[in-house]
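So you can see what is in the structure, the chains are spelled out below.
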Amino acid sequence: MAAAVSAPLLRFHHHHRCLLRHSSSPRRYPAGFSRGLSSVSFGLPRSTTTAARSTASPSAPSAAAAEATDAASAQAGSDGKGDGIGEEERVVLPTNESSDRLLRIRHTVLAFCCLPFLTSLPVINLCAHVMAMAVQKLFPNSKVTIGPWIDNGFYYDFDMEPLTDKDLKRIKKEMDRIIRKNLPLVREEVSREEAQKRIEALNEPYKLEILEGIKEDPITIYHIGEEWWDLCAGPHVESTGKIDRRAVELESVAGAYWRGDESNQMLQRIYGTAWETEDQLKAYIHFKEEAKRRDHRRLGLDLDLFSIQEDAGGGLVFWHPKGAIIRHVLEDSWKQIHLQRGYDLLYTPHVAKAELWKVSGHIDFYKENMYNQMDVEDELYQLRPMNCPYHILVYKRKLHSYRDFPIRVAELGTVYRYELSGSLHGLFRVRGFTQDDAHIFCLEDQIKDEIRGVLDLTEQILGQFGFRYYEINLSTRPEKSVGSDDIWEKATLALKDALEDKGWEYKVDEGGGAFYGPKIDLKIEDALGRKWQCSTVQVDFNLPERFDITYVNSNSEKKRPIMIHRAILGSLERFFGVLIEHYAGDFPLWLAPIQARILPVTDNELQYCNEVASELKSKGIRAEVCHGERLPKLIRNAETKKVPLMAVVGPKEVQARTLTIRSRHSGEIGTMPVDEFFRRIQLAIANKSSSL
């Protein structure tokens, strides 16, 4: 993608991260960057998504209507017995954005996570809020650092001895005692000098650093009763008794470096969650359990879909036969749809001369994300971190006329990004991955239609998997940018018009665009209500300039085309991980690696079963024969491996040349000839149905 022209324009990298969202280390992400998943709503038993959904529902008037009609969404997460979603009375789980009260509770619980000190001290010193009050009562030598609230609760970092799960229980018990005391929270303003004096009296070096980073005066302090205080801007509830102790839980402890710098002190990070009611906490706990059940790393192993082979290196994905066939189906569908939509397919090299990445700007401003260069016959080559420069070279192979536009090229291109070993995470953060990358070269007056075409294509592709609800953000011109006011205005208006033509709701992120052009980012919502950043479409005024690409207009003058960057799935690896968790490994029939398993009652029917399997395979159906166990166990094994269809064969079926079909989701379907079975599978695949 576009390269930065100066260090302050590092937002250039935002496009590539929008395409994938693999990395999330603080040293690589500019302010405002999203990791790609924000758990802002939970679809669980006794819970629901937030009432004020910020996402658009492009294909249905309401969530209820979509859930009633969307078989793919209904399929997601089913294990043959149903996952219970939507079956019970629901409890709304608020978010920090939707509930000021919840934010105040979490901030208060969080603010309690600081520094205790005795009222007998001459100077009442820094930072006192419940979790840290509890921590330092139990561990007097511990020192506190920082602790922000997060989507589902809070965390706090302590410089102290390593903690155990048993320690968390002790800390929670002490927190309960503090909450029951119903201590009032009192705000105080002090001078910077007074704040520093109080902090130094307690010998808290981390808090001194924090104080240095506060630019506003006076300094705000919150007191908990007459016992404790903390540097804090608020907000808080009125007293500790406003917190429902049964709605607070300490979840885990992990190591974390101070300021995220591995050269600094290792700290103990305590994660907690806080809700308005006990029912909300129970719903959240159920959500965590369901998320654990759907973890793509566990399911990838259980279903033999993929692996990360440490002998080959971390962050490098091995697609096993069952995972590879799903990838094949995804790629085949992706290619067919793109060809139908007027794209030309490309295949480009995995390496290029380092000079190419100098022209694009990557070596100057993206080097920390790239691997070391290699010497090839005294010339330096570089593994590609992105596909954009290659597509521009293809464009430059000949002179273009205005009559050629729009030009659309697309590639499933494998790229390589440097990731620290500690940041790797299954399929979500890897070192080598395949982007569904595409670029459109067009005229200024074609921008709107091309953006609308990308949005239509996005809806078509994502809709295949049951994704119907999106969170959409339109990011506009930042303070530092390239390109004229006129072209920025035209491009931004084109993005807005395309979204409004679609009838999609969106939020405007003023000044949040890349320096090289405005953009649209789209997050999909999975079966648990989690949001995943996948799709992005961005206008680029920079790379055409850097590579000096032109076309000849109607007056025989050379002009510069508009370049649009676009990805829908983001990366095949990461999207596959999202699909595994969305479906809980229970893929719909059209995606399932094995669509039908043929089960003989005894080995006497084995020959007929093999004949049927061969016939189905010859017609493109993914079928296999399993035998050697009693029929009930064969059926259980098929259920465990989440095979959508089972064809049971006994003596009667052999004699009549039929099959008795059992669906994993619908139960017994009935007995039918092989041709009828094949016809119904074909129809279900064509309709992207979950089962027959």
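Residues numbered from 1 in each chain as written. Predicted model: local features only at pLDDT ≥ 70, side-chain atom pairs only at ≥ 80, totals over all residues. Heavy atoms only, no water.

This part covers the overall build of the protein. Within the protein, the regular secondary structure consists of 22 helices and 29 strands. Classification of the 692 residues of the protein by burial places 57% in the buried group. (Helix = DSSP H or I, 4+ residues; strand = E, 2+ residues; numbered from the N terminus. Buried < 20%, exposed > 50% of the residue type's maximum accessible area, 1.4 Å probe, protein only.)

A separate point is the nonpolar core. Membership of the largest hydrophobic core comes to 65 residues, with the highest contact counts inside it found for Phe465, Ile524, Phe587 and Leu591. Non-local contacts of Leu591, meaning those with residues more than four positions away in its chain, are made with Ile326, Val329, Leu330, Phe465, Leu579, Tyr583 and Arg622. With 28 residues, the next largest nonpolar core counts Phe139, Phe158, Ile178 and Val237 among its residues. (Core = buried A, V, L, I, M, F, W, Y, C linked by side-chain atoms within 4.5 Å. Contact = heavy atoms within 4.5 Å.)

Another point: empty space enclosed by the protein. Taken as a whole and judged by the stated rule, the model has 5 cavities of 30 Å³ or more. The volume enclosed by the largest cavity comes to roughly 120 Å³. As for the largest cavity, its lining consists of Leu303, Leu305, Lys322, Gly585, Phe587, Ala592, Pro593, Ile594, Lys641, Lys642, Val643 and Pro644. Contributing to the lining of the second largest cavity are Val454, Leu455, Thr458, Ile520, Asp521, Leu522, Ser535, Thr536, Val537, Arg566, Ala567 and Ile568. Contributing elements (two or more residues each) for the lining of the second largest cavity: helix 15 (447-463), strand 20 (519-525), strand 21 (531-540) and strand 24 (562-571). Partitioned by chemical class, the residues of the lining of the second largest cavity number 7 nonpolar, 3 polar and 2 charged. (1 Å grid on protein atoms, 1.4 Å probe; cavity = no way out; pocket = protein on both sides within 12 Å on 5 of 7 lines; lining within 4 Å. Points joined across faces, edges and corners; volume = space filled by probe spheres on them. Nonpolar A, V, L, I, M, F, W, Y, C, P; charged D, E, K, R; others polar.)

Turning next to the pattern of salt bridges. If you walk through the whole model with that rule in mind, you get 46 salt bridges. Its salt-bridge partner being Glu471, residue Lys523 comes within 3.6 Å of it at the nearest N-O pair. Placement of Lys523 in strand 20 and of Glu471 in strand 18 (residues 470-475) is noted, with a sequence separation of 52 residues between them. With respect to class, Lys523 is no different from Glu471; both count as buried. (Salt bridge = Lys/Arg side-chain N within 4 Å of Asp/Glu carboxyl O.)

Before going further, it helps to spend a moment on the packing of helix 11 (residues 321-340) against helix 15. Taken N-terminus to C-terminus, the directions of helix 11 and helix 15 make an angle of 150°; their axes are 11 Å apart at the nearest point. Relative to helix 15, the element helix 11 is oriented roughly antiparallel. Handedness of the crossing formed by helix 11 with helix 15: right-handed. Taking contact as the criterion, the partners of Trp334, Ile337 and His338 in helix 11 are, on helix 15, Leu457, Gln460 and Ile461. Of the residues in the contact of helix 11 with helix 15, the class split is 4 nonpolar, 2 polar and no charged. (Axes fitted to C-alpha atoms, helices over the stretch in contact; angles between N-to-C directions. Parallel < 35°, antiparallel > 145°, perpendicular 65-115°, else oblique. Left-handed = near helix turned anticlockwise from the far one by under 90°.)

With that settled, consider the sheet that holds strand 13 (residues 351-353). Within the open sheet, the 3 strands sit side by side as 13-15-14. Their pairing is antiparallel. Strands with a single pairing partner mark the edges of an open sheet, and in this sheet they are strand 13 and strand 14 (374-376). Between one strand and the next, the sheet's axes are offset by a mean angle of 40°, whatever the strand orientation. Pairing between strand 14 and strand 15 (residues 379-383): 3 bridges, direction antiparallel. From the neighbouring strand, Asp375 faces strand 15, where its bridge partner is Leu380. (Pairing = 2+ DSSP bridges.)

On inspection of all chains with the given rule, the structure shows 20 aromatic pairs. Between Trp275 and Tyr284 the ring centres are 5.3 Å apart and the planes differ by 40°, which places this aromatic pair in the tilted class. The exposure classification of Trp275 matches that of Tyr284, with both residues buried. In this structure an aromatic cluster arises from ring pairing among Trp319, Phe576, Tyr583 and Phe587. One cation-aromatic arrangement involves Arg269 over Tyr155; the distance from NZ or CZ to the ring centre is 3.9 Å. (Phe/Tyr/Trp six-rings, centres within 6.5 Å; stacked < 30°, edge-to-face > 60°. Lys NZ or Arg CZ within 6 Å of the ring centre and 35° of its normal.)

Interpretation of this model should avoid reading the predicted coordinates in detail wherever pLDDT is low. Per-residue pLDDT for the protein has a mean of 82; in total, 81% of the residues score no lower than 70. Between residues 110-128, whose pLDDT stays under 50, and residues either more than four places distant or in other chains, the model counts 98 contacts. (pLDDT = per-residue confidence, 0-100.)

As a further point, take the sheet that holds strand 27 (residues 645-649). Ordered in space as 26-25-27-28-29, the 5 strands form an open sheet in which the pairing is mixed. Across the chains shown, the open sheet's two edge strands, defined by having one partner strand only, are strand 26 (623-625) and strand 29 (667-673). In this sheet, adjacent strand axes meet at a mean angle of 25° when their direction is disregarded. Sheet topology places strand 25 (residues 596-600) next to strand 26; 3 bridges connect them, and they run parallel. Each bridged residue has a counterpart across the sheet, and for Arg597 the counterpart in strand 26 is Glu624. Its contacts with the sheet put helix 20 (residues 631-640) on strand 25, strand 27 and strand 28 (658-663), and the angle it makes with strand 25 is roughly 170°. Across the sheet, helix 22 (residues 674-686) lies against strand 25, strand 27, strand 28 and strand 29, angled at about 125° from strand 29, the strand it touches most.

A separate point is the side chain of Glu653. With respect to the helices and strands, the residue Glu653 is situated in helix 21 (residues 651-656). Lys652 provides the closest opposite charge to the buried, salt-bridge-free Glu653, at an N-O distance of 7.8 Å. Sequence-distant contacts of Glu653, defined by excluding residues within four places in its chain, comprise Tyr608, Val648, Thr658, Leu659, Thr660 and Thr671. (Lys, Arg positive; Asp, Glu negative; His and termini not counted.)

Glancing now at the environment of Ile472. Mapped onto the elements, Ile472 comes out in strand 18. A relative accessible area of 1% means that Ile472 is categorised as buried. As for Ile472 and Trp504, which are separated by 32 residues in sequence, their C-alpha atoms are 8.1 Å apart.

Take helix 6 (residues 165-180) next. Here helix 6 is 16 residues long and its end C-alpha atoms lie 23 Å apart, about the 22 Å a rise of 1.5 Å per residue gives. Turning to helix 6, its buried residues are Asp167, Leu168, Ile171, Lys172, Glu174, Met175, Asp176, Ile178 and Ile179. Positive backbone phi, at 55°, marks Asn182, one or two positions downstream of helix 6. (Expected span 1.5 Å × (residues − 1).)

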